[in-house]
Amino acid sequence: MAKSQSHNRPRASSLQQLDKRRIETVHSQGLWKDILNMQWMRVPSSSFTLLTIPFVLYFNWHFLASGHPNPFEPFIFITHKIPGTSPNNPLYQKGYNDILFVLYYIIFWSFVRQVLVLHVFQPFGRWWGIRQQNKLDRVGEQGYALVYFGLSGAWGLKIMQELPTWYYNTEGFWIDYPHWRMPAQLKAFYLLQTAYWIQQLLVLVLGLEKPRKDFRELVIHHIVTLWLVCWSYLVNLTFIGNAIFVSMDIPDAVFGATKLMNYMQLERVKAVAFLIFIGVWSYFRHWLNLIIIKSVWSEFHLIPQEAQQWKPSEGIWMVWWMQYQVLVPIVLLQMVQLFWYFLIWRVFYRAVFQAKLDDERSDDEGDEELDGHDLDEKEE
């Protein structure tokens, strides 16, 4: 009996610590403290306040100082419109105001993420009957991934449809380079993606998501992705960048949906979804990416001769060694995808021969279980 009581005391202490940790992740400590300790990334009310400040200042300036350039516009809207382009179909170029836009939308994605995780998908998981907090965390993460990558994949595909690169017409990556004149949607899409991936890297660094077994590969993936995004935007290779976004985002959306079905224990549906996921992942993450890699290797010469020189002031960067600067990060990205591809097929093997369909990337789903009961049940 004494042994049983002494065994229960650390459990209660663990419960209190975990409960305290959860409270701290969703409650503000005051806006200034939230800014200093990066808690605004966890607290939707704080990130919403930070989003509101430039918004209110923008409209105050708009109505009180009409006719003068609005200094708060670059935070909310894309800027650097090319003079003389059609008002119905304006074109944009790069500029330093893009940094302000990206910073603002890092906060925006933090707000959207936490609202969807804390107030949409986790409550949905509880309603569905999921009790373990770590599984509810994963439901929130994958629900957010499904929403984000579903929308970004569809938007990227729509943008590609209006470019000379439709559908993976890879010669369009290089012909008529430099592609420094960007349609409004392409520029907004690129900058929003940049903000998203910076925010996601911060999520990993700050530990907003519980680390998986492939934490190191995720960090490498995020760093390489940001390398590709920022460098392709800088050197006016947004056409090939858009194609890579599409090939990455669509399978991520399907993966999020498959994971949700797994957490919801929809046994027959999740098996079908997993097979669909393997097909989608194989096509987009490998076949299409290999086509892109082949294009970088064999079609780089299609860049106009006058653009194969180093003149950043004119938007021209494509000297001969830039071919490898483009090729290396895409190959690195493919190597990370192959690591995950191996895990996917291992899951498939176990599902077929061992009747076990689990995500090889996931951590131990029972970390917060106590004798088969989750923390919520223990508190009850």
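Residues numbered from 1 in each chain as written. Predicted model: local features only at pLDDT ≥ 70, side-chain atom pairs only at ≥ 80, totals over all residues. Heavy atoms only, no water.

### Some words on the overall build of the chain
Thinking step 1. In terms of regular secondary structure, the chain is built from 12 helices and 2 strands.
Thinking step 2. The helix and strand sequence of the chain, counted from the amino end, reads α-α-α-α-β-α-α-β-α-α-α-α-α-α.
Thinking step 3. Counting over 380 residues, the chain shows a buried share of 50%.
Thinking step 4. With the model as given, the accessible surface of the chain reaches about 19300 Å², and the carbon-plus-sulfur share is 64%. (Helix = DSSP H or I, 4+ residues; strand = E, 2+ residues; numbered from the N terminus. Buried < 20%, exposed > 50% of the residue type's maximum accessible area, 1.4 Å probe, protein only. Areas by Shrake-Rupley, 256 points an atom, 1.4 Å probe, with all protein chains shown as cover.)

### Focus: the nonpolar core
Thinking step 1. In this structure, Ile240, Met318 and Ile330 are the most contacted members of the largest nonpolar core, which totals 82 residues.
Thinking step 2. Of all the secondary structure elements, the ones that give two or more residues to this core are α3 (44–64), α5 (97–128), α6 (133–161), α7 (184–206), α8 (215–234), α9 (238–263), α10 (267–298) and α11 (322–353).
Thinking step 3. Residue contributions to this core peak at 12 residues, all from α5.
Thinking step 4. Non-local contacts of Ile240, meaning those with residues more than four positions away in its chain, are made with Phe173, Trp174, Ile292, Val296 and Ile330.
Thinking step 5. Ranked by size, the runner-up nonpolar core spans 13 residues in total, among them Leu204, Trp340, Tyr341 and Ile344. (Core = buried A, V, L, I, M, F, W, Y, C linked by side-chain atoms within 4.5 Å. Contact = heavy atoms within 4.5 Å.)

### Overview of the packing of α5 against α7
Thinking step 1. Two elements in contact, α5 and α7, have axes whose closest approach is 8 Å; the angle formed by their N-to-C orientations is 60°. One element, α5, and the other, α7, form an angle in the oblique class. For the pair α5 and α7, the crossing hand works out as right-handed. Contacts from Asp98, Phe101, Val102, Tyr105, Ile106, Trp109, Ser110 and Arg113 in α5 reach Lys187, Leu191, Leu192, Thr194, Ala195, Tyr196, Ile198, Gln199, Gln200, Leu202 and Val203 in α7.
Thinking step 2. Taken together, the residues of the contact of α5 with α7 break down into 12 nonpolar, 4 polar and 3 charged. (Axes fitted to C-alpha atoms, helices over the stretch in contact; angles between N-to-C directions. Parallel < 35°, antiparallel > 145°, perpendicular 65-115°, else oblique. Left-handed = near helix turned anticlockwise from the far one by under 90°. Nonpolar A, V, L, I, M, F, W, Y, C, P; charged D, E, K, R; others polar.)

### Examining the side chain of Glu217
Thinking step 1. Residue placement: Glu217 occurs in helix α8.
Thinking step 2. Beyond its immediate sequence surroundings of up to four residues, Glu217 is in contact with Val336, Phe339 and Trp340.

### Structural notes on the packing of α6 against α9
Each pair of packed helices can be summarised by the angle the axes make with each other and by the distance between the axes.
Thinking step 1. Between α6 and α9, the least distance of the axes is 7 Å, while the angle of their chain directions is 150°. Comparing the axis directions of α6 and α9 gives the class roughly antiparallel. For α6 against α9, the interelement crossing comes out left-handed.
Thinking step 2. Taken together, the residues of the contact of α6 with α9 break down into 14 nonpolar, 8 polar and 4 charged.

### Describing empty space enclosed by the protein
The method is simple in principle: a probe with the dimensions of a water molecule rolls over the atoms, and the space it marks as empty is what remains.
Thinking step 1. Following the criterion strictly, the structure yields 3 cavities of 30 Å³ or more and no others.
Thinking step 2. There is about 220 Å³ of room inside the second largest cavity.
Thinking step 3. For the lining of the second largest cavity, the elements supplying multiple residues, two or more each, are α7, α8, α9 and α11.
Thinking step 4. Within the lining of the second largest cavity, the residues separate by chemical class into 15 nonpolar, 5 polar and 3 charged. (1 Å grid on protein atoms, 1.4 Å probe; cavity = no way out; pocket = protein on both sides within 12 Å on 5 of 7 lines; lining within 4 Å. Points joined across faces, edges and corners; volume = space filled by probe spheres on them.)

### Observations regarding α7
Thinking step 1. Taking 1.5 Å of rise per residue, 23 residues should cover 33 Å, and α7 covers 33 Å from first to last C-alpha, within 8% of that figure.
Thinking step 2. One or two residues past the end of α7 sits Gly207, with phi positive at roughly 75°. (Expected span 1.5 Å × (residues − 1).)

### Description of unusual backbone geometry
Thinking step 1. The omega torsion of the bond from Trp166 to Tyr167 falls at -25°, within 30 degrees of zero and hence cis.
Thinking step 2. Structurally, Tyr167 is set in the loop between α6 and β2 (182–183).
Thinking step 3. A positive phi is found at His80, a non-glycine position, where the angle reads about 70°.
Thinking step 4. Relative to the helices and strands, His80 resides in the loop between α4 (73–76) and β1 (91–92).
Thinking step 5. By relative accessible area, His80 is classed as partly exposed at 26%.

### Regarding the environment of Glu141
Thinking step 1. Tracing the backbone shows Glu141 in helix α6.
Thinking step 2. Each C-alpha atom of the pair Glu141 and Lys259 lies 10.0 Å from the other, and the pair is 118 residues apart in sequence.
Thinking step 3. Sequence-distant contacts of Glu141, defined by excluding residues within four places in its chain, comprise Arg113, Val117, Glu209, Lys210 and Arg212.
Thinking step 4. A distance of 2.9 Å separates a polar atom in the side chain of Glu141 from a polar atom in the side chain of Arg138. (Polar contact = N/O pair within 3.5 Å; in protein donor to acceptor, adjacent residues only side chain to side chain.)

### Description of the pattern of salt bridges
Where side chains of opposite charge bring their charged atoms close, a pairing between them can arise.
Thinking step 1. On inspection of all chains with the given rule, the structure shows 5 salt bridges.
Thinking step 2. Of the charged contacts, one joins Glu141 and Arg138 as a salt bridge, the two residues approaching to 2.9 Å between their closest N and O atoms. One end of the pair, Glu141, and the other, Arg138, are both in helix α6, 3 residues apart, so they sit about a helical turn from each other.
Thinking step 3. Residue class for Glu141 comes out buried when judged on its relative accessible area of 7%.
Thinking step 4. The buried category is assigned to Arg138, whose relative accessible area is 2%. (Salt bridge = Lys/Arg side-chain N within 4 Å of Asp/Glu carboxyl O.)

### Describing the side chain of Thr225
Thinking step 1. As for its placement among the helices and strands, Thr225 is situated in helix α8.
Thinking step 2. Once residues lying within four places of it in the same chain are set aside, the contact partners of Thr225 are Trp197 and Leu333.

### Re the confidence of the model for the chain
Thinking step 1. Considering every residue of the chain, the mean pLDDT works out to 86; 86% of them sit at 70 or more.
Thinking step 2. Confidence over residues 1–25 falls short of pLDDT 50; this stretch has 18 contacts with residues more than four positions distant or in other chains. (pLDDT = per-residue confidence, 0-100.)

### Focus: a nonpolar patch on the surface
Thinking step 1. There is a patch of nonpolar side chains on the surface, built from Trp227, Trp297, Trp310, Trp320, Trp321, Tyr324, Val328, Leu332 and Met335 and spanning about 1000 Å² of accessible area.
Thinking step 2. It is α11 that contributes the most residues to the nonpolar patch, 4 residues altogether.
Thinking step 3. By the secondary structure assignment, Trp321 is in the loop between α10 and α11. (Patch = residues over 30% accessible without salt bridge, like charges linked within 9 Å, V, L, I, M, F, W, Y side chains within 5 Å.)

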